[in-house]
Structures are given as C-alpha cells and as structure tokens.
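Letter by letter, the chains look like this.
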Amino acid sequence: MRGQTLMADVFVSYAHSDEPVAARVADALRAEGFSVWRDDALPAHRAYSDVIEERLKSAQAVVVLWSCDAAKSQWVRAEADAARTAGRLVQAVLDATIPPLPFNQIHCADLRDWVGPDETAGWRKLKESLRALVGPAPQDNQARARKNRPQLAICILPFQNMSGDAEQEYFSDGISEDITTDLSKISALAVCARNTAFTFKGQSIDVCDVARKLGVSHVLEGSVRKAGGRVRITAQLIDGSTGDHLWAERYDRDLEDIFAIQDEISKAIVDALKLKLLPEEKKRLERRGTNSAEAYNFYLLARQYWVSGNHGDPRREERVMRISSRAVEIDPYYADAWALLAIAQSNLRYGFGYEVDDGVAAAHTALAINPEIAEARCAMARRLEVKGRDEEALRELQTGLGLNPDSWELNKAIATFLMWRGNVPEALGYFEKAVSLMESDFHGWGMLTTCYFALGQKDAATEAATMTLKQVEEVLAHDPSNGAAISFGVSALAALGEQDRAREWMERALLIDPDNLNMRYNFACALARDLSDPDAAIHMLDSALSRVKGSIGNAEFDPDLESIRDDPRFRKIIAAAKQRLGLGGCAAIAAAAEANPTI
C-alpha cells in the first residue's frame, strides 16, 4: 500500500481534542485521491518527535486545523511554523479562533460548518490549495474521488421581480439569496455561489445551457410578486440535462408567511432530489434571524441601500439608519439588523463627522443576540482604529472574518484598513475576495484597479477597470445621479484611455452632486493617475479636503496620488486640513474620544 511504503503527500496537524474532525478531514482527503498522514499512524517502535520531523519534511503540504486548543498547542504551532518556512502551509479554521501570529496573516479555509466530504466553499478552498502544492491525483484515485463527490449540484437563479415596481427588486433578490444560503447548509448538495448565479439576472436564458456552463445537475428558477400584505412566489426545480420540471409550486400567502414559504421550497427541493439531511443540517435550516416578515422586509431594503447606494453621500447612511432602526423596533432581537445599524452609525460618525452614536452599542446588542454576527465587528474595529489602536482594530476585524470568511463587509473593511496603511499587496487579496462575493460592487472593482496599478499589474488593472465601468453603468441606468458611481466610472474611463468621456462625466457629476466630497476626492485620483493633470488634481483635492469632517488619512497613502505627493501644494493641503481638524483625520477623532467618553 502506498501509505505504508512511501511518505504521504499531506501531513495533518491538529490538537488532540479535535481528533474526530481531523479523522474526517483525513478520510475525505484520501477519498479525493490524496495520500494523507496524521499521528494515529505513529509506529510503536520509534520516537514520536523523530517520526513527526520525518513526516513533516517529506510532506508536500501540511494542513493545520486551527481551533482554540490548537492555538494553545506548542506542537501545532511548531508544525505550522515548519510548514510556513518551507512554503507548504495550508490552514483551516474549525471554530471562531483567530490563528496566532504570524499565521493570522495567511488565508484560512473555513471548516466550521463542515460535517463531511461535501462541497462547501471552505472545503473547495482547502482542496484547491492542496492541489496547487501536491499536484493532480493518480487516475485511480481521481475516479474514486469523483465517486465520493456529491452527484447533485444546483444553481438558484435570481427570482424575477413581478411586482411591477423596480423598487421591489431588493425583496426578490433577498428571497433568492436566502434560499441559496439555506440549501448551502446541506452537505449532500453542491450549491452554485450567489455571485455566479446573479450574473444571469435579467437575461433570457436556456436552463440547460446554464446547467452545462456551471456544471450543475439542477436549476431552480422562480418569481416574486409583492403587493401590500400579500406575496405570490412561484418556483420550479428543473433537471439541467433534460429541461424537465421535477417540481413546481405557486404560493399565494400573506407576507407574514414568507419564512414558511422559504422553508417549504427548501424542503420540497430536498424531497424532490431525495436528499438525506444530517441532524445538524436540519437544525441549521430552521435558524432564522427574525420571525417578523415586516422586520425582514425593512432589513432587505436597508441592505439594498447600503450595497448599491451613493457612497460619499451621508444620506445613504442616514437612510440605512432609519430603516434598520425601524427593523429593530419591530423585532428587538434581530441581530442582522442591529449589525447593519451599527455599520451605518459608525460611518456617519467617523466618515462624515456627524454627531451620532458610533455604532458600538448597536454592535454589542447584535453580538449579545447572536455572537456569530461577524459584521458587527466592523463598528467595534472602527472605534479602535480612530483611537489609534490599530493592532486591536485589525484583530477585531480578523475575529469577524473568522466567524464568516465570506462576509462582503468584513473583506472590504480589512482591505481598506490595509490599503490606507500602505499594505497594498495584502489588501489586494481581500478586495479580490470582496468582488468575488458581490460582483456588482463597483467600489471594490475600483479599488482593485488602484491596487493593480500600484503593483505594476497593468493587464489586471485594465480588466478591473473594465469591470468597474460595467457595474457603474448598471447602477447609473437606475440611479443617474449616483455621484459615487459616476466618480468610479470616471476613474475607469480614464484608466481605459477614454479621457474625453472621463472629463465629460466629471463635469456633469459636479453639476449633479457638487457636495459629494468623496466623489471630488476620486476625481483628484483620476486626474493625478491617468489624466496627467496635476494642477486640476491639486485643485480637486483641495476642494474635497478643505471641507471634509472625517479622516483625511487616505490621501497620505493613496497610490493614485503618487504623482503629486511631493508637490508643495499637496503637502500644504494636507497640513491645512489637519490644522482645521485639530490634529488631523483619525487623530482628531481620537483626541475627541479621550475627552468625551461617549465616543
């Protein structure tokens, strides 16, 4: 047998309290064709340390399973350090524990909800990393791996909004996302990512073509019509190879029944595909953030404004605050709504200088209700950041990311935190993750463009600029006065060499939204980086920073402003803004925080 006569490809490191999980991981990897060793195979006639050292050195990849106990284990940390030094480290987290330094600076696969050999995002990430290190499996092992993979895979297409009101789009999108989330909890079913499924939104499609392109066996499509207190939802489960309907249903109910409808759809799919649920999966399917359809509706509306609203316009934050506040007024135990409220308050306080609560109280409320609400950590980290406690702020964000590695908000927050401290290479990875989670995020694509240019990756920058412009144009089709979208569109056009069109957009935007300081700042970046107009860039930057009420720290590290950073006028603008704010940007807020304990 290969495992007895040759050294294994993969070494698994773990704390002994996690042995049941480690055994499942090892067995599942073997089913995928990997040769795996863990310390249950220690021979009785040899010294423990000698065998460990030998196996570590010979392994092509070392999988470290981090948990609370593993982080305290000197053995696990030593094995992880040896693997990191050799460039063979692959990490996974089993609970909310953040790996110790320096391992917390390296991406981890999320296996917290992994219960077996299923195709969760974390498990796929782990396998992809191992394949990169170990290489393809032998043919006989590949066949065995295919046999052990879930044979069923599904794509939940965005449900059509049939309400006759484009403003109700947020509700149909929310239903689609929730059903995707529910089905993703089933280990025997592979579920296409939300971001991939939403690329087909608004298109006339052939279901069989979609199934073939995505490599799924089944497709779920449907529609939502909401009017007053009533909702009509239709759903059809389709065989991707034949186009046959396996199940279809129409639900005409009161809006209060929305959660029951979602549950019935998920259960109907489970039954139609003859899936067997594990006890843990049944429990996860039954979890809901709220039982109030009204609160749920307000939360979906608030998050839609948060995701696609006008960045740089405080009215976006004010609107999200009002709507989220209404949601938690209806259901005081709605943790997701409390977390969104916290983020909006934090942005208004520290981003725009408004005299409002900074969101930490709302964040603590969210975490008291549900300690796994990752997004609540954003507001807590922001307070630490403005107090100058950067290491604590980063740990807070990393704790949130450990709770939910697929959080768009957390990935954006960490990316931005690193970016404005000059760590562009590491920020890049988090921005890439953010846009993979939400392709419509034109801000994320724009920041990626900046990162790629700063790192000299011009082809990648051009691709990111193209995606930025695509997403911007989709936003402007519904909201022509969105200053943030226009500003990122200007940057994208300038990066793509369309200078006349970029200047035309800029002129129009300044007439439409002249008080959007974030927009003016972005114009300064485009003028400095791609339009080669330092005088205009200086003037535009001055018009933004002379009136800003929040942090100005971005300008001092922004790669887009590199061409004007040594200009005496640039230094004068920064100095004047700092003097006006007292100590400058975050430091001014930190000083105020010390004087006012409510901050």
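Provided above is the structure to which this section pertains.
Our subject in this report is the structure included herewith. Keep in mind that this is a model prediction, so the values were computed, not measured.

Observations regarding the packing of aromatic side chains
- Summed over the entire model, instances satisfying the criterion amount to 8 aromatic pairs.
- Both rings, one in Trp66 and one in Phe103, keep their centres 5.5 Å apart while their planes meet at 35°; by these two values the pair is tilted. Highlighted residues: Trp66 in strand β3 (residues 61-66) and Phe103 in the loop between β4 (89-93) and β5 (108-110), separated in sequence by 37 residues. Just as Trp66 is buried, Phe103 falls in that class too.
- Between the aromatic rings of Phe171 and Tyr296, the centroid separation amounts to 6.4 Å while the plane-to-plane angle is 75°, which identifies the pairing as edge-to-face. Taken together, the residues span a long stretch of sequence, with Phe171 in helix α8 (residues 169-183) and Tyr296 in helix α13 (residues 293-308) at a distance of 125 residues. Note on accessibility: Phe171 and Tyr296 belong to one class, buried.

Brief notes about the packing of helix α21 (residues 442-454) against helix α23 (residues 483-495)
- In contact at an axis separation of 10 Å, α21 and α23 are set at 35° when each is read in the N-to-C sense. For the pair α21 and α23, the sense of crossing is left-handed. On α23, the residues that touch Phe442, His443, Gly446, Met447, Thr449 and Phe453 of α21 are Ala484, Ala485, Phe488 and Ala495.
- For the contact of α21 with α23, a count of residues per class yields 7 nonpolar, 3 polar and no charged.

Some thoughts on the nonpolar core
- Membership of the largest hydrophobic core comes to 96 residues, with the highest contact counts inside it found for Phe171, Leu220 and Ile265.
- Among the elements that make up this core, the one with the highest residue count is helix α15 (residues 335-352) (11 residues).
- Excluding anything up to four places from it in sequence, Leu220 contacts Ile154, Cys155, Ile156, Leu157, Phe159, Ile179, Ala235, Gln236, Leu237, Trp247, Ile265 and Ile269.
- Val472, Tyr521, Ala555 and Ile573 belong to the second-largest nonpolar core, a separate cluster that totals 43 residues.

Overview of the environment of Thr416
- By secondary structure assignment, the location of Thr416 is in helix α19 (residues 408-419).
- Note: C-alpha distance between Thr416 and Met447 (31 residues apart in sequence) is 8.8 Å.

Looking at the pattern of salt bridges
- With the rule as written, the count across this model stands at 29 salt bridges.
- Between Arg30 and Asp27 there is a salt bridge, and its shortest N-O distance comes to 3.0 Å. Taken together, the residues Arg30 and Asp27, both in helix α2 (residues 19-31) and 3 residues apart, mark about one turn of the helix.
- On the basis of relative accessibility, which here comes to 27%, the residue Arg30 falls in the partly exposed class.
- The exposure class of Asp27 is partly exposed, given its relative accessible area of 47%.
- Across the salt bridge formed by Glu385 and Arg421, the nearest N and O atoms sit 3.1 Å from each other. With Glu385 in helix α17 (residues 376-386) and Arg421 in the loop between α19 and α20 (424-437), this residue pair connects regions lying 36 residues apart in the sequence.
- A relative accessible area of 31% means that Arg421 is categorised as partly exposed.
- One network of salt bridges, in which partners are shared, links Glu169, Asp173 and Lys201.

Thresholds, definitions, all that
- Residues numbered from 1 in each chain as written.
- Predicted model: local features only at pLDDT ≥ 70, side-chain atom pairs only at ≥ 80, totals over all residues.
- Heavy atoms only, no water.
- Phe/Tyr/Trp six-rings, centres within 6.5 Å; stacked < 30°, edge-to-face > 60°.
- Helix = DSSP H or I, 4+ residues; strand = E, 2+ residues; numbered from the N terminus.
- Buried < 20%, exposed > 50% of the residue type's maximum accessible area, 1.4 Å probe, protein only.
- Axes fitted to C-alpha atoms, helices over the stretch in contact; angles between N-to-C directions.
- Left-handed = near helix turned anticlockwise from the far one by under 90°.
- Contact = heavy atoms within 4.5 Å.
- Nonpolar A, V, L, I, M, F, W, Y, C, P; charged D, E, K, R; others polar.
- Core = buried A, V, L, I, M, F, W, Y, C linked by side-chain atoms within 4.5 Å.
- Salt bridge = Lys/Arg side-chain N within 4 Å of Asp/Glu carboxyl O.

What is shown is where atoms sit, not what they do.
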